[in-house]
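# Survey of secondary and tertiary structure
Residue strings, one per chain:
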Amino acid sequence: MKVAVFSTKAYDRQFLEAANAPKHHELAFFEPRLNQDTAILAAGFPAVCVFVHDQVDAATLEILASRGTRLIVLRCAGFNNVDLKAANKLGVTVVRVPAYSPYGVAEHAVGLILSLNRKIHRAYNRVREGNFALDGLLGFNINGRTVGIIGTGKIGLILGQIMKGFGCRLLAYDVYRNPEMESLGGEYVELPELFANSDIISLHCPLMPQTHHLINAEAIEQVKPGVMLINTSRGALIHTQAVIEGLKTGKIGSLGVDVYEQESELFFEDLSGEIIQDDIFQRLTTFPNVLITGHQAFFTEDALRNIAETTLNNIADIEQGRSCPNEIRYQPEVEAKVLVS
Ligand code: NAD
């Protein structure tokens, strides 16, 4: 099938071309993000392949559909950037990659925890400057500490398994109990209890109206003083301004984030040398106890291989008229509830 691949980076091309070698789809790579202005690039392509920051809204879908596109292929799990209702109306099928790197994301969360605790990001710079003083680098033993995991699906469970290996007590919160988390020794509690007793809190639930700004001023009131907060899930789970206030008073001891509410203006692009206009983001970067990565938790060889293979298999399923297990069907009742899955 002829596929127009948007938001292409060199690594996308490398992994998609390798996975396509035995499959022989006709892939055309475009660097721009898909939106109403760039949709014309896909004229004549029956399939369009997109990532998290492409805008597959109704207007864009109309342009695509009017020029022959019948399939939107997401190379990610979340589909909050796709207007499923409009796609359904236009007869455009939407497929995705539901899970590609739960280990990668959980391991990245652990990387943030270890770096923040032992100030490895600061030590790296100090040693390069010939500063070998230890003042300001004091950490704590992770062993014996309590980790609160919010969202105990695929990634939250793996984080629990890793932290159990460190000798941590696990507190868990989810709308559904995961028996594997319970057999690991994870204790399900309500959020106030998790907030009050956790030394480290890590977020692994989806962004939905119920979880939007889950970590706000009221939640920060309830946390243990000096708590470490980790977010590798979605930026809008935390109210960034409230977290900045918590960092200023010391109620939040450290913050590690791989996601940020306004990240689509910043992440995945090289903006070095440009003036960043987002003052809230810039304030975050001034704290010594804040570590930010640019939505790279998923970014492992294994995940890119998995994404490429699943993406091309999804295309083959649709092309050959097979039912595709990764098709996202428009469900009006779900649309009202889910922003990001
Ligand atoms: P999952 O669906 O396996 O698990 C999500 C869990 O959250 C489920 O157990 C669900 O019951 C729970 N949940 C739903 N509503 C909740 C609520 N109101 N409160 C608490 N828990 C709730 O998903 P996953 O694969 O573990 O992914 C988790 C999140 O990680 C995704 O939603 C996505 O936002 C994020 N993610 C980030 C990256 C990255 O690169 N940073 C990559 C992949 C996924």
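Residues numbered from 1 in each chain as written. Predicted model: local features only at pLDDT ≥ 70, side-chain atom pairs only at ≥ 80, totals over all residues. Heavy atoms only, no water.

With that settled, consider the overall build of the protein chain. Each helix and strand in the protein chain was counted, giving 13 helices and 12 strands. Scaling as 2.2 N^0.38, a compact globule of 341 residues should have a C-alpha radius of gyration of about 20 Å, and the protein chain matches this with 21 Å. Expressed as lengths along the three principal axes of its C-alpha atoms, the size of the protein chain is roughly 60 × 50 × 35 Å. Burial analysis of the protein chain (341 residues in total) assigns 50% to the buried set. (Helix = DSSP H or I, 4+ residues; strand = E, 2+ residues; numbered from the N terminus. Rg over C-alpha atoms; globule rule 2.2 N^0.38 Å. Buried < 20%, exposed > 50% of the residue type's maximum accessible area, 1.4 Å probe, protein only.)

Before going further, it helps to spend a moment on unusual backbone geometry. For Ser7, which is not glycine, the phi torsion reads 55° and is therefore positive. Looking at the secondary structure, you find Ser7 in the loop between strand S1 (2–5) and helix H1 (10–20). With a phi close to 55°, Lys119 is a non-glycine residue in the positive phi region. By the secondary structure assignment, Lys119 is in the loop between helix H4 (102–118) and helix H5 (120–128).

Let's shift gears to the domain arrangement of the protein chain. Its domain assignment divides the protein chain into domain 1 (1–98 + 299–326) and domain 2 (101–290). Look at where the C-alpha atoms of domain 1 and domain 2 centre, and you get two points 32 Å apart. Facing the eight residues of domain 1 at the interface are eight residues of domain 2. Summing both partners gives a buried area of about 710 Å² for domain 1 against domain 2, and 51% of it is carried by carbon and sulfur. (Domains from an automatic or database assignment. Contact = heavy atoms within 4.5 Å. Buried area = accessible area lost by both parts, 1.4 Å probe.)

A two-sided burial pattern is seen for strand S9 (residues 200–203), the buried positions comprising Ile200 and Ser202 on one face and Ile201 and Leu203 on the other. As paired strands, strand S6 (residues 146–150) and S9 are joined by four bridges and run parallel to one another. Considered in S9, the bridge of Ile150 is made with Leu203. In this view, the connection linking S9 to its parallel neighbour strand S10 (residues 227–231) by way of helix H9 (residues 217–222) has right-handed handedness. (Pairing = 2+ DSSP bridges. Right-handed = clockwise from strand over helix to strand, strands pointing away.)

With respect to spatial proximity, 23 residues lie near the ligand, and among them Lys154, Ile155, Asp174, Thr232 and Asp258 are the closest. Residue Lys154 places a main-chain N or O atom 2.9 Å away from an oxygen atom belonging to the ligand. When isolated, the ligand has an accessible area of 870 Å², and the protein chains bury 84% of it. Taken together, the residues of the shell around the ligand sort by class into 10 nonpolar, nine polar and four charged. (Near = heavy atom within 4 Å. Polar contact = N/O pair within 3.5 Å; in protein donor to acceptor, adjacent residues only side chain to side chain. Areas by Shrake-Rupley, 256 points an atom, 1.4 Å probe, with all protein chains shown as cover. Nonpolar A, V, L, I, M, F, W, Y, C, P; charged D, E, K, R; others polar.)

We now examine the UniProt feature "domain: D-isomer specific 2-hydroxyacid dehydrogenase NAD-binding" (unreviewed entry) in the protein chain. Taking the UniProt record as the reference, the feature "domain: D-isomer specific 2-hydroxyacid dehydrogenase NAD-binding" (unreviewed entry) is found at residues 110–297. Within residues 110–297, the helical portion is 34% and the strand portion 16%, while the C-alpha atoms at the span's ends are 10 Å from each other. (UniProt positions renumbered as here; feature names shortened; annotations may be inferred.)

Looking only at helix H2 (residues 58–66), the buried set comprises Thr60, Leu61, Leu64 and Ala65. Down the axis, H2 shows its buried residues gathered within 130° of arc, on one side only. Turning to H2, the residues buried within the fold contact strand S3 (47–50), strand S4 (71–74) and helix H3 (84–90). Looking one or two residues beyond H2, the residue adopting positive phi is Gly68, at roughly 105°. (Arc of directions from axis to C-beta.)

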